[in-house]
Amino acid sequence: MEQVLESPTNNIKEFVASGLVSNTKVLIVDDEPDIVEEVVEQLEDEGIECLSAHNAQNAIDIVSADPEIGVVVTDIRMPGMDGLEMARQMKAGIDNKERDLFVIVVTGHAGMKEAVEALQIGAEDFLTKPLSSDHLLHSVRRAGEMVHLRQGERNFNKRLEAEVDLKTAELKQAMQKLNTANHIKDQFMSTMGHELRTPLNAINGFAGFLQDKLKGHHDKSIYEYLDHIIDSGNRLSDTIENILEFSETLSGERKARMDEIILTDVLNNIFGQYAAMAKEKNISIRIDDLDQSQTIITDHAMLARALGCLVDNAIKFSPDGTEIIIGTKSNDDTVVIFVTDHGCGMSSDDIVIAKKPLMQVDGSLTRKSEGSGIGLSLAIMLAELQGGNLEIDSTPGVGTTVSINLPQG
Ligand SMILES: Nc1ncnc2c1ncn2[C@@H]1O[C@H](COP(=O)(O)OP(=O)(O)O)[C@@H](O)[C@H]1O
Ligand SMILES: [Mg+2]
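Residues numbered from 1 in each chain as written. Chains lettered and ligands numbered in written order. Predicted model: local features only at pLDDT ≥ 70, side-chain atom pairs only at ≥ 80, totals over all residues.

Spatial ordering of the open sheet is given by β7-β9-β10-β12-β11, a layout of five strands whose pairing is mixed. Strands with a single pairing partner mark the edges of an open sheet, and in this sheet they are β7 (284–287) and β11 (389–395). Strand after strand, the sheet turns through a mean of 15° between neighbouring axes, direction not considered. Pairing analysis gives six bridges linking strand β9 (residues 323–330) to strand β10 (residues 334–341), with the strands arranged antiparallel. What sits directly across from S330, in β10, is V335. Helix α9 (residues 300–316) contacts β9, β10 and β12 (399–407) of the sheet and is inclined by roughly 25° relative to β10. Sheet strands touched by helix α11 (residues 375–385): β11 and β12. Its angle to β11, the strand with the most contacts, is close to 140°. (Pairing = 2+ DSSP bridges. Helix = DSSP H or I, 4+ residues; strand = E, 2+ residues; numbered from the N terminus. Axes fitted to C-alpha atoms, helices over the stretch in contact; angles between N-to-C directions. Contact = placed C-beta atoms within 7 Å.)

Encoded structure:
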């Protein structure tokens, strides 16, 4: 179930309003007992819980022993340690992550310099003598609210941190599960691939063998059936090879082996490989004017495989009797190898779908073209492994150009 974190400010407001914060105690520090007594009385009349100390060291001890003290009202001038040094030591002695201490210093009437000094060492407020009970009460209440607010904020942050830690741990666990599942899937794909390959080779091989044996047989249909077996077997072999190659590439285990290759060699090989398939659809493949000596440093097998996927698609998604052009363009830093067809084309939304692994633009069961939706994503991964990328430029009803852009040199 999705959990929505509420905004921190709302939570702090609620936290304070709900009265969950323990009441902050106030410590009054002055060497003159009468003043202490008077201040304590005023504050206690307002329901504020007070403690008192008559010298700085005593005050430090009380603060460190009682974590509920959040506000200290202190005289500055006291025999022995003065109020400023006391406030400094108190602040240094508390763990700021766990506790807040709001110090209000009380200065004599000409004590502006002392007040500034007090604020500089971290005191939060100052009052001047003679103490007005209104000012005192206002300042102590404000201090109490500040302590409550900070406490609420700290508690909220702690909760937030705990939730983040929990979510991070859950995420880590999910990632581990995913990695294990992925590993099992890779292993499964590879084992299944090899297990399927072996019997299929036997079926294809023996079907060919039978066809040879039965040459001249009076029942022509036997020959045709065997043709179907061989065609289907070959298609299944191609699909298995594609799946194996796709899962190996996807697993990230494949690395490009860069070498200097002559581009015409690769394109001529592709032409040889796909000429027969194109001929069946009366499609002609033309290799655009090529600089015969143009070389590129890349992984030969990867480039050939990626281009093979593109030409296969160009043939598959073009109507009979059209032309496919394979060519190259280059500038200072990029070599572009493109395959252009005059087939059904794709809209920009179609292209987004087509680029996704295992997706076909026409994914319906009644689709016209066979395939597993692997070719294009395999070509994209292979182009990227060679340090390049793949681009599709297509217009529905007009045709498609797919380019592999590789870095020059
Ligand atoms: N040259 C092209 N012309 C039109 N559509 C194409 C072309 N190349 C790819 N596509 C679309 O992209 C989809 C994915 O291609 P691909 O991954 O090679 O899978 P498959 O060939 O198995 O369908 C295809 O099903 C098709 O819809
Ligand atoms: Mg394909």
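For the rest of this paragraph, the subject is the site of ligand 1. Close to ligand 1 lie 23 residues, the nearest being A354, Q360, V361, G371 and G375. With four residues, the top contributor of residues to the shell around ligand 1 is α9. (Near = placed C-beta within 6 Å.)

Below, the discussion takes up helix α7 (residues 220–250). Because each turn of an α-helix spans 3.6 residues, side chains separated by three or four positions in sequence point in the same direction. In this model, α7 (31 residues) spans 45 Å end to end at C-alpha, consistent with the 45 Å of a helix rising 1.5 Å per residue. A positive phi of about 80° marks G252, the residue just after α7. (Expected span 1.5 Å × (residues − 1).)

Its domain assignment divides the protein chain into domain 1 (10–165), domain 2 (176–250) and domain 3 (259–407). Using only C-alpha atoms to locate each centre, domain 2 and domain 3 end up separated by 24 Å. (Domains from an automatic or database assignment.)

This part covers the packing of helix α6 (residues 133–213) against α7. The interhelical angle for the contact between α6 and α7, taken along N-to-C directions, is 160°, at an axis separation of 9 Å. Our classification of the angle between α6 and α7 gives roughly antiparallel. For the element pair α6 and α7, the recorded crossing hand is left-handed. Looking at the contact of α6 with α7 residue by residue, the class counts come to 14 nonpolar, nine polar and two charged. (Parallel < 35°, antiparallel > 145°, perpendicular 65-115°, else oblique. Left-handed = near helix turned anticlockwise from the far one by under 90°. Nonpolar A, V, L, I, M, F, W, Y, C, P; charged D, E, K, R; others polar.)

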